[in-house]
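The lines below spell out each chain.
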Amino acid sequence: MTSPHVDTAEATETDAMARSTPEPTQPPAPISLRKRFSPRSMLRTLRHHPLGLAGGLLLLLVVAFCFLGPLLYRTNQTDVDLLNATLPPGPGHPLGTDPNGFDVLGRLMEGGKVSLQIGLLAALFATAIGTVYGAVAGLAGGILDGFLMRVVDILLSVPFLFFVLILSAKFHANAVTLSLVIGGFSWLVSARLVRGEVLTLRVREFVLAARVMGASRRRLILTHLIPNALGVIIVNITFQVADAVLVVAALGFLGFGLTYPTADWGSQLASGATYISADHWWLIYPVGGCIILTVLALNLLADALRDAVGRRAD
């Protein structure tokens, strides 16, 4: 017969071993699931955002009009034809002609193509600079972060359009130089946004784990921080394109934009404004409507993307 004291000792030892054995834990979620940008999830969210869908469809129509339209509706946008200047809309010219005899509809397509190209290139250039600058400042922290952000604050206090006008007047304006000038003064907002996002990401477990494993700052920025802040970056690019389109239109309207034979919407609007008293509506309303619809579409899409990023972050 077995002694009860032996059974009690064995049971006590078994309980102690069971308590000392660690319970199985769930493996940590992969980095790809941690706030990393997912186009598929954003598209699913946009399906339930009517204004965002409307903005996206309107933007697709504008892009198709500007880039595919000239392939289907061919016009001469290089040779001046003063004999057919300021003709009202009619056969052969659905939106009439401008003071130089150019077909207004074809001019709208060409001007929109250039304006969108400058807007996209300027937005990409500004976002590239601002993303790296903000990521470095947010990851470094301390004195370096404070110094870099004070530089941004000082530059933000400088009138943006004032310096763009000076540089546009000093250098010969073309699509590339105008994009670089606009992008060179538009990266400040991107830097602040990315820096704020990095401040929240740098204390996450996967960043701390990468640091413990000896990852360099360059690897942290390029592999962990920027990819996980991509949603905010995409939203900012959309807003940047809309702002750049407005800046290009403002420069062209003031006479500091692109020169002949290249056209942009701002210079077309300035040319039509001189004929406003003559009731030449086809020189003003179509180009003004194109600017408004393009900026509206970009802002609606950006607002929807921002909501999708915020919902995913939650």
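Residues numbered from 1 in each chain as written. Predicted model: local features only at pLDDT ≥ 70, side-chain atom pairs only at ≥ 80, totals over all residues. Heavy atoms only, no water.

*Asks:* Let's hear about the overall build of the protein chain: which residues, and what values?
*Replies:* Secondary structure summary: the protein chain contains 14 helices and 0 strands in total. Start at the N end of the protein chain and walk to the C end: the helices and strands fall as α-α-α-α-α-α-α-α-α-α-α-α-α-α. Residues counted as buried form 40% of the 314 residues belonging to the protein chain. At a minimum sequence separation of 6, the contacts of the protein chain that also span at least 24 residues come to 73%. Working note: accessible area of the protein chain is about 17,500 Å², and carbon and sulfur atoms make up 67% of it. (Helix = DSSP H or I, 4+ residues; strand = E, 2+ residues; numbered from the N terminus. Buried < 20%, exposed > 50% of the residue type's maximum accessible area, 1.4 Å probe, protein only. Contact = heavy atoms within 4.5 Å. Areas by Shrake-Rupley, 256 points an atom, 1.4 Å probe, with all protein chains shown as cover.)

*Asks:* I'd like a description of the confidence of the model for the protein chain, backed by residues and values.
*Replies:* Looking at the protein chain, pLDDT values average 80 and 82% of them are 70 or higher. In the model of the protein chain, helix H1 (residues 4-20) stands out as the element of lowest mean pLDDT, 46, in contrast to helix H5 (residues 104-140), which has the highest, 92. A low-confidence stretch, residues 1-35 stays under pLDDT 50, and its non-local contacts, those more than four residues away or across chains, total 16 contacts. (pLDDT = per-residue confidence, 0-100.)

*Asks:* Before we move on, can you summarise the packing of aromatic side chains with the specific residues and values?
*Replies:* According to the stated counting rule, one finds 2 aromatic pairs in the structure shown. Here Trp281 and Trp282 contribute two aromatic rings whose centre-to-centre distance is 6.0 Å and whose plane-to-plane angle is 85°, an arrangement assigned as edge-to-face. (Phe/Tyr/Trp six-rings, centres within 6.5 Å; stacked < 30°, edge-to-face > 60°.)

*Asks:* Any chance you could break down helix H12 (residues 230-254) for me, citing the residues and the numbers?
*Replies:* For H12, which comprises 25 residues, the first-to-last C-alpha distance of 36 Å matches the rise-based estimate of 36 Å (1.5 Å per residue) to within 8%. With its phi angle positive at about 90°, Gly255 sits one or two positions after the end of H12. (Expected span 1.5 Å × (residues − 1).)

*Asks:* How would you sum up the side chain of Ser186? Please name residues and give values.
*Replies:* Relative to the helices and strands, Ser186 is located in the loop between helix H8 (175-184) and helix H9 (187-201). Excluding anything up to four places from it in sequence, Ser186 contacts Ala126, Phe160 and Gln240.

*Asks:* Any chance you could break down the nonpolar core for me, citing the residues and the numbers?
*Replies:* Residues Leu108, Leu225 and Trp265 are the most contacted members of the largest nonpolar core, which totals 44 residues. Every element with two or more residues in this core is listed here: helix H3 (50-67), H5, H9, helix H10 (205-212), helix H11 (217-228), H12 and helix H14 (285-313). Ranked by the residues each element gives to this core, the list is headed by H14, at 9 residues. For Leu225, the contacting residues outside a window of four places in its chain are Leu139, Val198, Leu201, Arg202, Val207 and Leu220. Formed by 12 residues, the second largest nonpolar core is a distinct cluster that contains Ile118, Leu178, Val248 and Leu258. (Core = buried A, V, L, I, M, F, W, Y, C linked by side-chain atoms within 4.5 Å.)

*Asks:* I'd like to hear about the environment of Gly119, residue by residue, with values.
*Replies:* Tracing the backbone shows Gly119 in helix H5. With 64 residues separating them in the primary sequence, Gly119 and Gly183 have C-alpha atoms 8.8 Å apart. Residue contacts for Gly119: discarding those within four places in its chain leaves Val241 and Ala244.

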